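Structure at a glance
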Amino acid sequence: MARPIAAVPAATVHRIASGQVILDLATAVKEILENALDAGATNVEIKLKEYGSELIEVADNGCGISNENYRALTLKYHTSKLTSFADLQELSSFGFRGEALSSLCAVAEVTVSTRTEDSTTGTRISYDKNGSILSTAPIARAKGTTVAVKELFKPLPVRFKELRRHLKREFAKLLTLLQAYAIIATGVRIICTNQVGTGPRTRIISTQGLASMRDNIVTVFGSRTAEALVALDESSTDGISMHGFVSRASASFGKLAGERHYFFLNGRPVNLPKFSKVLMDTYRIYTSCGNTANVRPTAFIDIRLPKDSYDINVTPDKRKALIHQEQSLLEAFQKALVRMWEPAAVTLPPPSRQ
Ligand code: ADP
Ligand code: MG
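Please read these numbers as outputs of a predicted model, since none were measured by experiment.

**Points about the overall build of the protein chain**
Within the protein chain, the regular secondary structure consists of 10 helices and 15 strands. Over its C-alpha trace the protein chain gives a radius of gyration of 23 Å, about what one expects of a compact globule, namely 20 Å for 354 residues. Overall size of the protein chain, expressed as C-alpha extent along the three principal axes, is 85 × 55 × 45 Å. Across the 354 residues in the protein chain, those meeting the buried criterion constitute 36%. Across the protein chain, the fraction of contacts at a sequence separation of at least 24, relative to all contacts at a separation of at least 6, is 64%.

**Quick word on the site of ligand 1**
Around ligand 1 there are 20 residues in total, and Asn35, Thr79, Ser80, Gly95 and Ala100 lie nearest to it. Counting only elements with at least two residues in the shell around ligand 1, the list comes to helix 2 (25-38) and helix 3 (100-107). Residue contributions to the shell around ligand 1 peak at three residues, all from helix 2. Residue composition of the shell around ligand 1, by class: eight nonpolar, seven polar and five charged.

**A look at the sheet that holds strand 13 (residues 299-304)**
Pairing is mixed in the open sheet, where five strands are placed in the order 9-10-13-11-12. Edge positions in the sheet fall to strand 9 (229-235) and strand 12 (268-270), since each of these pairs with one other strand and no more. Neighbouring strand axes in the sheet, compared pairwise and without regard to direction, differ in orientation by 20° on average.

**Focus: the nonpolar core**
Residues Ala28, Val29, Leu33, Val58, Leu104 and Leu152 are the most contacted members of the largest nonpolar core, which totals 80 residues. Here this core spans two domains, since at least three of its residues come from each of domain 1 (11-206) and domain 2 (223-345). With near-sequence residues (within four places) excluded, Val58 lies in contact with Ile32, Leu33, Ala36, Val44, Ile46, Thr146 and Val147.

**Things to note about the domain arrangement of the protein chain**
Splitting the protein chain by domain gives domain 1 (11-206) and domain 2 (223-345). Computed over C-alpha atoms, the centres of domain 1 and domain 2 are 30 Å apart. It is helix 5 (residues 167-184) that provides the largest number of residues to the side of domain 1 that touches domain 2, a total of five residues.

**Re the sheet that holds strand 6 (residues 144-150)**
Pairing is mixed across the open sheet formed by eight strands, whose spatial order is 5-4-3-6-2-1-7-8. In this open sheet, the two edge strands, each paired with only one partner strand, are strand 5 (133-139) and strand 8 (201-206). Averaged over all neighbouring strand pairs, the angle between strand axes comes to 15°, with direction disregarded. Bridge analysis of strand 3 (residues 109-115) against strand 6 gives seven bridges, and the strand direction is antiparallel. Note that in strand 6 the partner of Arg115 across the bridge is Gly144. Packed onto the sheet, helix 5 meets strand 7 (189-195) and strand 8 and runs at close to 50° relative to strand 8.

**Overview of unusual backbone geometry**
Excluding glycine, a negative phi dihedral is what most residues carry, and trans is how most peptide bonds are arranged. One non-glycine residue with positive phi stands out, namely Tyr51, at about 60°. What makes Tyr51 buried here is the crowd of 21 C-beta atoms within 10 Å.

**Comments concerning the packing of helix 5 against helix 6 (residues 213-221)**
As a packed pair, helix 5 and helix 6 sit with axes 7 Å apart at the nearest point and diverge in direction by 140°. The orientation of helix 5 with respect to helix 6, classified from their angle, is oblique. Here Gln179, Ala182, Ile183 and Ile184 of helix 5 lie close against helix 6, whose contacting residues are Met213, Asn216, Ile217 and Val220. Each residue belonging to the contact of helix 5 with helix 6 can be placed in one class, and the counts come to six nonpolar, two polar and no charged.

**Re the confidence of the model for the protein chain**
Confidence in the prediction of the protein chain, expressed as mean pLDDT, is 90, and 92% of residues score 70 or more. Here residues 253-257 is a poorly scored stretch, pLDDT under 50, and it has 16 contacts once near neighbours within four places are set aside; other chains count. Both confidence scores are given for the complex: pTM 0.92, ipTM 0.99.

**Some words on helix 2**
The end-to-end C-alpha separation of helix 2 is 20 Å, in line with the 20 Å expected for 14 residues at 1.5 Å each. On the buried face of helix 2, the contacting elements are strand 1 (43-49), strand 2 (55-60), helix 3, strand 6, helix 4 (157-165) and helix 5. Downstream of helix 2 by one or two residues, Gly40 has phi in the positive range, about 80°.

**With respect to the packing of helix 2 against helix 5**
Closest axis-to-axis distance for the helix 2/helix 5 pair is 8 Å, and the angle between their directions is 25°. With respect to their mutual orientation, helix 2 and helix 5 come out roughly parallel. By crossing handedness, the relation of helix 2 to helix 5 is classed as right-handed. Between helix 2, through Leu25, Ala26, Val29, Lys30 and Leu33, and helix 5, the contact on the second element is made entirely by Glu170, Phe171, Lys173, Leu174, Leu177 and Tyr181. A per-class count over the contact of helix 2 with helix 5 returns eight nonpolar, no polar and three charged.

**What about the pairing of strand 10 (residues 241-247)?**
Within a regular beta strand, the side chains point alternately toward one face of the sheet and then the other, so they alternate between its two faces. Within strand 10, five of the seven residues are buried, leaving the element largely enclosed by the surrounding structure. Looking at chain direction, strand 9 and strand 10 are connected through seven bridges and run antiparallel. If you follow Val230 over to strand 10, its bridge partner there is Val246. Hairpin connection between strand 9 and strand 10: a loop of five residues separates the two successive antiparallel strands, and Gly239 in this loop has a positive phi of roughly 80°. The pairing of strand 10 with strand 13 spans six bridges and is antiparallel. Note on strand 13: the bridge partner recorded for Phe245 is Phe300.

Cut-offs and rules
Residues numbered from 1 in each chain as written. Chains lettered and ligands numbered in written order. Predicted model: local features only at pLDDT ≥ 70, side-chain atom pairs only at ≥ 80, totals over all residues. Helix = DSSP H or I, 4+ residues; strand = E, 2+ residues; numbered from the N terminus. Rg over C-alpha atoms; globule rule 2.2 N^0.38 Å. Buried ≥ 20, exposed ≤ 12 C-beta atoms within 10 Å, placed from the backbone. Contact = placed C-beta atoms within 7 Å. Near = placed C-beta within 6 Å. Nonpolar A, V, L, I, M, F, W, Y, C, P; charged D, E, K, R; others polar. Pairing = 2+ DSSP bridges. Axes fitted to C-alpha atoms, helices over the stretch in contact; angles between N-to-C directions. Core = buried A, V, L, I, M, F, W, Y, C linked by C-beta atoms within 7 Å. Domains from an automatic or database assignment. Parallel < 35°, antiparallel > 145°, perpendicular 65-115°, else oblique. pLDDT = per-residue confidence, 0-100. Expected span 1.5 Å × (residues − 1). Left-handed = near helix turned anticlockwise from the far one by under 90°.

Structure representation (structure tokens):
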């Protein structure tokens, strides 16, 4: 006999959906970091314990959260960044879906400490897994917000075990993501440290709030990587531009620079697999050892597009993008690469002495 169709209890729906917003360690940290950047922070300190599996603590010096928002902070689809669907096209913040903090509460133990400019003291708020306030307490702190996430994925046993079993791999993903934000967030000091057991805190990443992408690349990857890069600057009259850096068309430099593709859409780190492919395919043609598979170019490219020409709201983690004129953009990207690399390819070797 057919079973009755009934509504899934709200708490169950919440837990199921939250696992899709907070996919892994990297997305958990990404969401909190994006909130700090959206809050106008110029200083963000990320403290991890056991690479984030035990504790993720992100402290910012942004605008803080006011009293009347403590409850809404962890309610699903509650945001201060968007009020109508039309706002989506004008948006410049990382967040807009209002589901990160509520989802974090469903998959970990969340505590928020915060203070706004005009409050005299700070407040620490603990939330339960439904995002309800468990307790509040006054604390002394400077303006800004600290979000602490303890025991990520405890309520999702499979993911809890997987994270701990593959901690190295998961942490590597987090590091790549942090590097992307550290490079694009000019003018923001981002520091990330980790502590294993009772050992000393080790520094994972640290930028100095410098003003240019190139300065941030030097800080994050070192001057040797930066020296192996050339600037790519392309603009067209229709408001589209590409700015950044790619490896020189020289195999040895390519090898040195490693295997990093960082793409940004209007300053938002995203995965653009088709652009990565164009980069790889074109690089192979113009590097001196054309078909050597282990030579891979590094790229840091910020693509600037009119806001109504792409859609970032394809997956909850906003890492995928639908771009209206992707094909013509890919062609423009390829042409820019060819223009940059071609002269090196045709440079004749010094005449041999006979
Ligand atoms: P979204 O970022 O999509 O708005 P979130 O769940 O990430 O959704 O955050 C909900 C709201 O909480 C934000 O819109 C913002 O108003 C507030 N918020 C979150 N983190 C911070 C922070 N670090 N500083 C100030 N406000 C914050
Ligand atoms: Mg957010």
